[in-house]
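Observations on chain architecture
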Amino acid sequence: MLHAAVREGLFCPTYCLMPDHLHLVWMGLRLDSDQLNGMAFLRTYLEPALAPAAFQPQAHDHVLRAEQRRKNAFAAACRYDLNNPVRGGLVTKPEAWKFSGAVVPGCPRLRPLEADYWHTFWKLLSKARQPDAGNIVRPPFNFGSGPTNPAEAPSL
């Protein structure tokens, strides 16, 4: 995950590795950051290491809406992912799951469930993120026939 993050200019504020799938939240730091390339890179190198287990054929990607990207809402979405082991009956509290954390290059001791994490994370993000990082315009995911004008595409 660290190599994918550095290659593509990404922070991963939270990840949660489950027995049969994983949850990652990626944030781009540059205009040319590419989360899809980051996932393709990660899958290319992680799949052989996990064999004979395998990822599901198609990832379930979800793009956060504008209201979900606000600081408190974003942290709540990340906490939801970190609570997957509790909802799955694997542990009674998310802190007990040793397969979750954050990938912020240069900061190996960041722990998303610690009290001061989000304050520290937002400071690190503001220093690392280039001013034009949020200006990228991508075509909508192709879900079959539908609107070709991005303004007409459904929000995800």
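Residues numbered from 1 in each chain as written. Predicted model: local features only at pLDDT ≥ 70, side-chain atom pairs only at ≥ 80, totals over all residues. Heavy atoms only, no water.

**Overview of the pairing of strand 2 (residues 22-28)**
Counting buried residues along strand 2, seven of its seven residues qualify, which places the element largely inside the surrounding structure. Neither face of strand 2 is exposed, since Leu 22, Leu 24, Trp 26 and Gly 28 on one face and His 23, Val 25 and Met 27 on the opposite face are all buried. Bridge count for strand 1 (residues 10-17) against strand 2 is six bridges, and the pairing is antiparallel. Across the sheet, the residue bridging to Tyr 15 is Leu 24, located in strand 2. Turn length for the strand 1-strand 2 hairpin, with the two strands adjacent in sequence and antiparallel, is four residues. (Buried < 20%, exposed > 50% of the residue type's maximum accessible area, 1.4 Å probe, protein only. Helix = DSSP H or I, 4+ residues; strand = E, 2+ residues; numbered from the N terminus. Pairing = 2+ DSSP bridges.)

**Here we look at helix 5 (residues 117-128)**
Across its 12 residues, helix 5 extends 16 Å between first and last C-alpha, which sits within 8% of the 16 Å expected from 1.5 Å per residue. Looking at helix 5, one finds that the buried residues are Tyr 117, Trp 118, Phe 121, Trp 122 and Leu 125. When helix 5 is viewed along its axis, its buried side chains cluster within an angular range of 120° and face the same direction. Facing away from the buried side of helix 5, by more than 90 degrees, are the exposed residues His 119, Ser 126 and Lys 127. (Expected span 1.5 Å × (residues − 1). Arc of directions from axis to C-beta.)

**Description of the packing of aromatic side chains**
Applying the stated criterion across every chain yields a total of 10 aromatic pairs. Measuring from centroid to centroid gives 5.8 Å for Trp 118 and Trp 122, while their planes differ by 35°, and the two rings are tilted. With a gap of four residues between them, Trp 118 and Trp 122 both fall in helix 5, about one helical turn apart. What makes Trp 118 buried here is its relative accessible area of 13%. A relative accessible area of 16% means that Trp 122 is categorised as buried. Every member of this aromatic cluster is reached through a ring pair, and the members are Phe 11, Phe 74, Tyr 117, Trp 118, Phe 121 and Trp 122. The ring of Tyr 80 has Arg 87 sitting right over it, with the charged end atom 3.7 Å from the ring centre. (Phe/Tyr/Trp six-rings, centres within 6.5 Å; stacked < 30°, edge-to-face > 60°. Lys NZ or Arg CZ within 6 Å of the ring centre and 35° of its normal.)

**Description of the side chain of Asn 84**
With respect to the helices, strands and loops of the structure, Asn 84 is situated in helix 4 (residues 84-87). Not counting chain neighbours up to four residues away, the residues in contact with Asn 84 comprise Cys 16, Met 18 and His 23. (Contact = heavy atoms within 4.5 Å.)

**Considerations on the confidence of the model for the protein**
Scored by pLDDT, the protein has a mean of 81; 76% of the residues are at 70 or more. A low-confidence stretch, residues 143-156 (pLDDT under 50), is modelled with 11 contacts involving residues beyond four sequence positions or located in other chains. (pLDDT = per-residue confidence, 0-100.)

**With respect to the side chain of Glu 8**
One can find Glu 8 in helix 1 (residues 2-8). Buried charge without a partner: Glu 8 forms no salt bridge, and the closest opposite charge is Arg 7, 4.4 Å away. For Glu 8, the contacting residues outside a window of four places in its chain are Arg 30, Asp 32, Ser 33, Asp 34, Asn 37 and Gly 38. (Lys, Arg positive; Asp, Glu negative; His and termini not counted. Salt bridge = Lys/Arg side-chain N within 4 Å of Asp/Glu carboxyl O.)

**A look at helix 2 (residues 35-50)**
Given 3.6 residues per turn, any residue in an α-helix points the same way as the ones three and four places further on. In a regular helix each residue adds 1.5 Å, so 16 residues correspond to 22 Å; helix 2 covers 21 Å between its end C-alpha atoms and thus fits that length. The sharpest bend along helix 2 measures roughly 25° and falls at Thr 44, with the proline Pro 48 sitting one to four residues further on. Residues of helix 2 that are buried include every one of Gly 38, Met 39, Phe 41, Leu 42 and Arg 43, and no others. As for helix 2, its buried residues are in contact with helix 1, strand 1 and strand 2. The backbone nitrogen of Leu 36 lies 3.0 Å from a side-chain oxygen of the residue at the head of helix 2, namely Asp 34. (Bend = angle between axes of the 7 residues up to and from the residue. Polar contact = N/O pair within 3.5 Å; in protein donor to acceptor, adjacent residues only side chain to side chain.)

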